[in-house]
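Below, each chain spelled out in residue letters.
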Amino acid sequence: RGAPGLERGRAGAASRGPGSSCPLPTGAEEPGMEAEAQELPLGCGGGGGSPAAGRSPEGEERPQPPPASVSNGGDEDGGRELVELKVIWNKNKYDVKFCLDSTGAELKQKIHSLTGLPPAMQKVMFKGLLPEEKTLREIKVTNGAKIMVVGSTINDVLAVNTPKEAAQQEVKAEENKKEPLCRQKQHRKVLDKGKPDDVMPSVKGVQERLPTVPLSGMYNKSGGKVRLTFKLEQDQLWIGTKERTEKLPMGSIKNVVSEPIEGHEDYHMMAFQLGPTEASYYWVYWVPTQYVDAIKDTVLGKWQYF
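Per an unreviewed UniProt entry, the protein chain goes by the name UBFD1 protein and belongs to Promerops cafer.

**Remarks on the packing of aromatic side chains**
Using the criterion set out here, one finds three aromatic pairs in the structure. When the centroid spacing of 5.8 Å and the interplanar angle of 75 degrees are considered together, the rings of Y281 and W283 count as edge-to-face. Of the residues examined, Y281 reaches a relative accessible area of 16% and is grouped as buried. Given a relative accessible area of 7%, W283 falls into the buried group. Between W283 and Y285 the ring centres are 6.4 Å apart and the planes differ by 25 degrees, which places this aromatic pair in the stacked class. Like Y285, W283 is buried. Each residue in the set Y281, W283 and Y285 is aromatic and connected to the rest through ring pairs, giving one cluster. Against the face of W238 rests K247, its NZ or CZ located 4.2 Å from the ring centre.

**Remarks on the nonpolar core**
One finds L215, L228, F230, F272, I295 and V299 to be the most contacted residues of the largest nonpolar core, which totals 27 residues. When residues of this core are traced back to their parent elements, those giving at least two are strand 5 (215-220), strand 6 (225-231), strand 7 (236-240), strand 10 (264-273), strand 11 (281-288) and helix 6 (292-300). A per-element tally of this core places helix 6 first, with five residues. Counting the residues that make up this core, at least three belong to each of domain 1 (82-156) and domain 2 (181-300). Among residues more than four places away in sequence, those in contact with L215 are M200, V226, R227, L228, F230, Y291 and I295. L100, A145, I147 and V149 belong to the second largest nonpolar core, which has 21 residues in total.

**Section: the side chain of S102**
Mapped onto the elements, S102 comes out in the loop between strand 2 (92-99) and helix 3 (104-115). Owing to a relative accessible area of 7%, S102 belongs among the buried residues under this scheme. There is a polar contact of 3.4 Å between the side chain of S102 and the side chain of E106. Beyond its immediate sequence surroundings of up to four residues, S102 is in contact with K134, T135 and L136.

**Points about the pairing of strand 10**
Across the 10 residues that make up strand 10, a large majority, seven, are buried. Pairing between strand 9 (residues 255-261) and strand 10: seven bridges, direction antiparallel. The residue bridging P260 from the neighbouring strand is H268, located in strand 10. Joining the antiparallel neighbours strand 9 and strand 10 is a turn of two residues, in which G263 adopts a positive phi near 85 degrees. As judged from the seven bridges shared by strand 10 and strand 11, these two strands associate in the antiparallel manner. Looking at the pairing, M269 lines up with Y285 of strand 11.

Here is what the cut-offs are and how they apply
- Counting of residues starts from 1 at the beginning of each chain's written sequence and follows it residue by residue.
- Local features in this predicted model are restricted to residues whose pLDDT is 70 or higher, and side-chain atom pairs enter the listing and the counts only when it is 80 or higher, whereas totals over whole chains, interfaces and linings include all residues.
- To get the side-chain values, all heavy atoms of the structure are used, and hydrogens and water are removed first.
- Only the six-membered ring of Trp is used, alongside the rings of Phe and Tyr, when aromatic pairs are assigned; centres must lie within 6.5 Å, and planes under 30 degrees apart are stacked while those over 60 apart are edge-to-face, with the rest tilted.
- Only protein chains enter the accessibility calculation, which uses a 1.4 Å probe; a residue is then buried when its area is under 20% of its type maximum, exposed when over 50%, and partly exposed in between.
- By definition, being over a ring means that NZ of Lys or CZ of Arg is both within 6 Å of the ring centre and within 35 degrees of the ring normal.
- Side-chain atoms within 4.5 Å link the members of a nonpolar core, which is a set of buried Ala, Val, Leu, Ile, Met, Phe, Trp, Tyr and Cys residues.
- Numbering of helices and strands runs from the N terminus, with a helix taken as a DSSP run of H or I at least four residues long and a strand as a DSSP run of E at least two residues long.
- Domain extents, as shown, originate in an automatic or database domain assignment.
- In what follows, a contact means two residues having at least one pair of non-hydrogen atoms within 4.5 Å.
- Any N or O atom pair separated by 3.5 Å or less is treated as a polar contact, with the protein-specific requirement of one donor-capable and one acceptor-capable atom, and with residues adjacent in sequence counted only for side-chain atom pairs.
- Here, strands pair whenever DSSP counts at least two bridges between them.

Written out as structure tokens, the structure reads:
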């Protein structure tokens, strides 16, 4: 098909005579060209025009639109399991969603972004001091868990550090002038009773986090049994005896002093200063040595520089 049109086209060209270069009028077509164009199969190459709108050339793949990007909503979990936490620092509360498989060190970085408190100056508490190398899943953090943070910013440290250090040095110098506490008469009457049978075991030369249970089996100044319970969620120290339990805000405790007991250096005698002078000391005897530093850090809110 199309041959007759071609023949007619040739005949038309011949009728113009040999060597004729007269162009056809604008918009005019040689006879048979329309028919020839209609007979050409779709998809032919030959420099022709584009196919009709809305149609694809036969044999040619229609271009595929680019795949739509998938958003995870900006969450940091990337599909991992999250746990909801309540972070408490300096009387401020932060509701945080955090990956259950992230480590304590990564949680410190998150706390830094919330509070401006550098990780090296944070003391993070969850059932004791939070281990940096373990994940939240490993230490059994659950939804709604309270995370206590102790520490001060650089500006706070610069504002109060110098006079506080000077006062502590004066106290230490004064203590060095005195005889050891365990030799003083007021303490000998308690220590001479000997080590309590139900006192908690000690580990010399080791520092441990506070246990999840109260420290018990110790004596107070009157020789009665006493236990210490650290309520981190309420920022309180509970001093319990057979008669009553005193609930003390940790911020109200001015100082904590301790000294190894001669002959039993794996235990300490310890005092909590509840008022402005030494007369307000509350003494506790036979504190296991591995918990001494943790008690001081928890009550006084101290930290270490790394």
